[in-house]
Amino acid sequence: MALLKKGDPAPAFEMEDQDGTPVRLADYRGKKLLLYFYPKAGTSGCTTQAVLLRDAGEALKAKGVSVAGVSPDGVKSLKKFNDKNTLGFPLLSDGDHTVSAAYGTWGEKTQCGKTSVGMTRSSFLIDEKGKIAEAWYKVSPKDTVPKALKALGS
């Protein structure tokens, strides 16, 4: 799968959030969306990333940006993760990896010399028309917010 780049149409999706509510890309039409993909709820890097996004919520909202996270975790795990960290944004379950594959974030990766199949931490700023405004593959948990704010002119 080719990696997405600026100007590409964002792949459509429908996934359940931590409350079991279906969430679609189309729900964000006319708004900006920071869609981020992370490997596993509750791990240290994923918690750091989610909490930093939560804490930047007002700054992102002031720029007209909504946030949603995507992982292969089930709805129950996402609910527990959200409740423990009071995140306040949708965490979407991509258990079959279909959406992650469409965004180029699921597949073979090498870490510490070992090859495995899994999620590559990535973030996408999607514009009001559903196009990729920015794409960051292999983004550090701590860099997600600064990169988004920089792209938004902050």
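Below is a summary of the structure that appears in this document. (Residues numbered from 1 in each chain as written. Predicted model: local features only at pLDDT ≥ 70, side-chain atom pairs only at ≥ 80, totals over all residues. Heavy atoms only, no water.)

## Regarding the packing of aromatic side chains
As a reminder of what qualifies: Aromatic pairing here means that ring centres of Phe, Tyr or Trp (its six-membered ring) are within 6.5 Å. Orientation follows from the plane angle: under 30 degrees is stacked, over 60 is edge-to-face, and everything else is tilted. Every helix listed is a DSSP run of H or I at least four residues long, and every strand listed is a run of E at least two residues long, numbered separately from the N terminus.
Here the structure, examined in full by the defined rule, presents 7 aromatic pairs. Measuring from ring centre to ring centre gives 6.1 Å for Y38 and F81, while their planes differ by 40 degrees; the resulting arrangement is tilted. Residue Y38 is located in the loop between β3 (32–37) and α1 (44–55), and its partner F81 is located in helix α3 (residues 75–85); the two are separated by 43 residues in the primary sequence.

## Details of helix α5 (residues 144–151)
An α-helix turns once every 3.6 residues. As a result, residues three or four positions apart point the same way. Filter applied, for reference: Three exposure classes are used, based on accessible area relative to the maximum for each residue type with a 1.4 Å probe and protein chains only: buried under 20%, partly exposed in between, and exposed over 50%. Directions pointing from the helix axis toward each C-beta atom define the arc. The criterion used for residue contact is that any of the two residues' heavy atoms lie within 4.5 Å.
Considered for burial, the residues of α5 that qualify are T144, V145, A148 and L149. Looking straight down α5, one finds its buried side chains confined to an arc of 120 degrees; they lie on one side. Against β3, α1, α2 (57–62), β8 (122–126) and β9 (132–137) lie the buried residues of α5. With its phi angle positive at about 90 degrees, G153 sits one or two positions after the end of α5.

## Some remarks on the pairing of strand β6 (residues 106–111)
Stated precisely, the cut-off is as follows: Pairs of strands are assigned from DSSP output, requiring at least two bridges between the strands.
Judged from the 6 bridges that link them, β6 and strand β7 (residues 114–119) form a sheet pairing that is antiparallel. Note on β7: the bridge partner recorded for K109 is S116. Two successive antiparallel strands, β6 and β7, enclose a turn made up of 2 residues, where C112 displays a positive phi of approximately 55 degrees.

## A closer look at the environment of L34
One can find L34 in strand β3. Assessed through its relative accessible area of 1%, L34 is described here as buried. Once the C-alpha coordinates of L34 and S66 are considered, the two residues, 32 residues apart in sequence, prove to be 6.1 Å apart. Ignoring anything within four residues of it in the chain, the contact list for L34 reads L53, L60, V65, S66, V67, A68, S123, F124, L125, W136 and A148.

## Notes on α3
Where α3 is concerned, the buried positions are L78, F81, N82 and N85. When α3 is viewed along its axis, its buried side chains cluster within an angular range of 95 degrees and face the same direction. Those residues of α3 that are exposed and angled more than 90 degrees off the buried face are K76, K80 and K84. In this fold, the buried residues of α3 make contact with α1, β4 (65–71) and β5 (91–93). Two residues or fewer past α3, T86 is found with a positive phi of approximately 45 degrees.

## Side note on the nonpolar core
Let me state the cut-off plainly: For our purposes a nonpolar core is just a set of buried Ala, Val, Leu, Ile, Met, Phe, Trp, Tyr and Cys residues, chained together by side-chain atoms within 4.5 Å.
Judged by nonpolar contacts, the single largest core of 23 residues is most densely connected at L34, Y36, Y38, L53, L60, F89 and L91. Contributions of two or more residues to this core are made by β3, α1, β4, α3 and α5. If sequence neighbours within four positions are ignored, F89 has contacts with Q18, Y36, A50, L53, R54, V67, A68, G69 and N82. Membership of the second largest hydrophobic core comes to 20 residues, among which are M15, L92, V99 and Y137.

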